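Here is how the chains run, residue by residue.
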Amino acid sequence: NAPANMEQPLLRQPVCQPVGSRRGTDRPSDDDDGQAADPKANLKRKCVDYHTPSVLHLNRRTFHPSNRPILSKMDAPAIHPHSAYIRYMGLPIEDAAGSSTCIYSTGFGAAPGPSEVYTTQVCHVTRAKNSSPVMCLGWTPGGRRLLTGNQDGEFTLWDGTHFTFELILSAHDSSFRSMTWSHNNNYLLTGDGAGNIKYWSPSIAPVSSVDAHGGNPVHALSFAPSDTKFASAGDDSAVRIWDFERRAEERVLEGHGWDVKTVAWHPRSSVVASGSKDNLTKVIPPLSFF
């Protein structure tokens, strides 16, 4: 107990200031010019963080090579359906069954479950400035941007990391119908509703244009394995084979009784498959090209 004549020490009381105040006043924090702060200044956009899965992939590929399989799936690390396990998720191609670098691949054929491989939540939805139906789309060769073609004949370029709109470019006079990249990623082919096929460079600069299918819509395009030829499918009930360098038509493959909606060139041979509204799928052998 302290003597009565001894002065008690003064206790400092905390000074509470309202949120957003400045210099202890109740006035909200404004800029020097008296304008309110921009609410979009601290806006955080969602992005895809691929650094952690990439590091995990390199680590697993080094310490868990395919020639040393895990004895059973019980020995493999499990990914539980909880947000705390997001940091353990690897690349989708790594977790796919049968992958040579898959940490879950075992000698007994064990494979991961769907919850460990496939994403089940929409990350982001955004709209372009000019709302128009999207007719076709494709990733750029580097995978950093997404390219879409709309019904107004315009290219729309999107950032594939932050999901932001970047650019609108007028490309065709009519609606987009198809687009495809060459296997060497040096050129992009697009087709529209007026039968035009256009060549584009990787920087989305126009290179050349070809009139095809007699003015009918071009629904599908597909490159040959060597990129020296490509096939196109249109509403004229035909599949056409083109020389890419000369931009000339070489062969017309007929046989469908209605509009041809899709075409695909075999990845290793000269076989072409096509599908039409006549309920038929045709596989065309190489001898039919000559």
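Computed from a predicted model, the values in this text were never measured in an experiment. (Residues numbered from 1 in each chain as written. Predicted model: local features only at pLDDT ≥ 70, side-chain atom pairs only at ≥ 80, totals over all residues. Heavy atoms only, no water.)

**Let's talk about helix α1 (residues 51-63)**
- For α1, which comprises 13 residues, the first-to-last C-alpha distance of 19 Å matches the rise-based estimate of 18 Å (1.5 Å per residue) to within 8%.
- Of the residues making up α1, those classed as buried are Pro-53, Leu-56, His-57 and Arg-60. Projection of α1 onto a plane perpendicular to its axis shows the buried side chains occupying an angular sector of 105 degrees, all on one side. Exposed side of α1, more than 90 degrees from the buried face: His-51, Val-55, Thr-62 and Phe-63 are the residues found there. (Helix = DSSP H or I, 4+ residues; strand = E, 2+ residues; numbered from the N terminus. Expected span 1.5 Å × (residues − 1). Buried < 20%, exposed > 50% of the residue type's maximum accessible area, 1.4 Å probe, protein only. Arc of directions from axis to C-beta.)

**Some remarks on the sheet that holds strand β1 (residues 134-139)**
- Taking strand neighbours across the sheet as the criterion, the four strands line up as β1-β2-β3-β4 in an open arrangement whose pairing is antiparallel. Of all strands in the sheet, those with a lone pairing partner are β1 and β4 (165-170), marking the two edges. If you compare each strand with its neighbour and ignore which way they point, the axes differ by 20 degrees on average. (Pairing = 2+ DSSP bridges. Axes fitted to C-alpha atoms, helices over the stretch in contact; angles between N-to-C directions.)

**As for the sheet that holds strand β6 (residues 188-192)**
- Read across the sheet, four strands follow the order β5-β6-β7-β8 without closing on themselves; strand pairing throughout is antiparallel. Unpaired on one side and paired on the other, β5 (176-181) and β8 (206-211) mark the two borders of the sheet. Each strand axis lies, on average, 20 degrees off the axis of its neighbour in the sheet, ignoring direction.
- Pairing analysis gives four bridges linking β6 to strand β7 (residues 196-200), with the strands arranged antiparallel. Within the sheet, the bridge partner assigned to Leu-188 lies in β7 and is Trp-200.

Read these as layout, nothing more, since geometry by itself doesn't imply function.
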